[in-house]
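Chain and residue survey
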Amino acid sequence: MTAIAVTIAGSDSGGGAGIQADLKTFSALGVYGASVLTALTAQNTLGVSALHEVPPDFVLAQMDAVYSDLKVNVTKIGMLARVDVIEAVAEGLTRHDTGPVVLDPVMVAASGDPLLADSAVDCLMSVLVPRADVVTPNLHEAARMLETAMADSETAMRAQADSLLKRGARSVLLKGGHGTTDESADLFADSLGNVTWLRAKRVATDNTHGTGCTLSSAIAAGLALGKDLDSAIRDAKSYVHAAIAAADRLAIGAGHGPVHHFHEIWSK
């Protein structure tokens, strides 16, 4: 059987994040990728200059087309932008067998440009977070989801992960990549009481565009290949760390460049 993953997310015209990063990650890890576009961005390594939202009925039409034909093993959800698109995606999840769901609550681009309306945060929390098998916010996103200050310590990260679980998440991977220490520490916690820290030495590079999309897609790829969630997360962390470490081998744009999705495939 061919492992199939679907990404429901926005397009990054610069190719470093969003749908493009998701499909690159799936391909690099041996998984067939299909897609449902929720928004189009005019974007490059310097930032987002325009955003065009896909109508919710067309988002749902894409989901109907993909899931009615493909035997999907896993679904990754990224940028959704607004309430009616979130509701359309939730309807599609109800209609179809989507496999496990990995929810990356994309809210802000690496450049700082907002990608999720304030009015949509509560809808995301109530409608999609409880449906996801794992939610993967970074420190900024978790703070916005909980309407609190960004966690500045591992103790605070643990408290915020617990708060997300109490708000309905089945499991949380709270990403520490925006921290300030020499170590990037991610926290996994689930509703069964399991808690795991995943640590890696922080890589000195400005080319980290698409890191969050890539990590959540790598988790989804692992699940599509039949790995359990713990193994999928650990392997995804290793893949992304290597992709960041190899990012400076690429020369893409004048701003924050992408991670190197094909670091194991392209010639060095």
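Structure report, in brief. Per-chain numbering applies: the sequence of each chain, read as written, is numbered from 1 onward. Residues qualify for local features only when their pLDDT is at least 70, as the model is predicted, and side-chain atom pairs are given and counted only at 80 or more; totals for whole chains, interfaces and linings, by contrast, use all residues. Just so you know, side-chain values use all the structure's heavy atoms and leave hydrogens and water out.

A 1.4 Å probe rolled over the protein chains alone gives each residue an accessible area, and that area as a share of the maximum for its type sets the label: buried under 20%, exposed over 50%, partly exposed in between. Every helix listed is a DSSP run of H or I at least four residues long, and every strand listed is a run of E at least two residues long, numbered separately from the N terminus. Across the 9 residues that make up strand β1 (residues 4-12), a large majority, 9, are buried. With 9 bridges connecting them, β1 and strand β2 (residues 32-44) associate as parallel partners. By the bridge assignment for β2, V6 is matched with A34. With the strands pointing away from the viewer, any crossover whose connection runs clockwise from the first strand over the helix to the second is right-handed. Crossover β1 to β2 through helix α1 (residues 18-28) is right-handed. Strand direction decides the pairing type here: β1 and strand β4 (residues 74-77), joined by 4 bridges, are parallel. One requirement defines pairing of two strands: DSSP has to find at least two bridges between them.

Take the packing of helix α5 (residues 139-146) against helix α6 (residues 154-166) next. As a packed pair, α5 and α6 sit with axes 10 Å apart at the nearest point and diverge in direction by 50°. Comparing their axes, α6 and α5 come out oblique. Crossing handedness for the pair α5 and α6: left-handed. The segment α5 lies against α6, with L139, A142, A143, M145 and L146 engaging M157, Q160, S163 and L164. A per-class count over the contact of α5 with α6 returns 7 nonpolar, 2 polar and no charged. For every element, the axis is a line fit to its C-alpha atoms; helices are fit only across the contacting stretch, and the angle between N-to-C directions ranges from 0 to 180 degrees. Throughout this description, any angle smaller than 35 degrees is read as roughly parallel, any larger than 145 degrees as roughly antiparallel, any in the 65 to 115 degree range as roughly perpendicular, and the remainder as oblique. Each crossing gets its hand from how the near helix is turned against the far one by less than a right angle, where anticlockwise is left-handed and clockwise is right-handed. The contact criterion used throughout is that any non-hydrogen atoms of two residues lie within 4.5 Å. Only Asp, Glu, Lys and Arg are considered charged in this grouping, and only Ala, Val, Leu, Ile, Met, Phe, Trp, Tyr, Cys and Pro are considered nonpolar; every other residue, Gly among them, is considered polar.

With that settled, the discussion passes to the pattern of salt bridges. For this analysis, a salt bridge means a side-chain nitrogen from Lys or Arg found within 4 Å of a carboxyl oxygen belonging to Asp or Glu. Scanning the model with the defined rule gives 13 salt bridges in all. Of the charged contacts in the structure, one is a salt bridge between R82 and D84, with a shortest N-O distance of 2.5 Å. R82 gets classed as partly exposed once you look at its relative accessible area, which sits at 26%. R170 serves as the salt-bridge partner of D133, at 3.4 Å between the closest nitrogen and oxygen. Here R170 lies in the loop between α6 and β7 (171-174) and D133 lies in the loop between α4 (118-128) and β6 (134-135), a separation of 37 residues in the sequence.

Here the focus is α6. Between its first and last C-alpha atoms α6 spans 18 Å; for 13 residues at 1.5 Å apiece the expected length is 18 Å, and the two agree. Within α6, the full set of buried residues consists of M157, Q160, A161, L164 and L165. On an axial view of α6, the arc spanned by its buried residues comes to 145°, and they lie on one face. What points out from α6, more than 90 degrees from its buried face, is the exposed set T155 and K166. Contacts from the buried residues of α6 go to α4, α5, β7, β8 (183-190) and β9 (195-201). Looking one or two places after α6, you find G168, whose phi comes out positive at around 120°. Take the residue count of a helix, subtract one, and multiply by 1.5 Å to get its expected span. This arc is built from the directions going out from the helix axis to the C-beta atoms.

With that settled, consider α4. Among the residues of α4, A120, V121, C123, L124, M125 and L128 are the ones counted as buried. Residues of α4 that are buried in the fold lie against α3 (83-95), β5 (101-103), α5 and α6.

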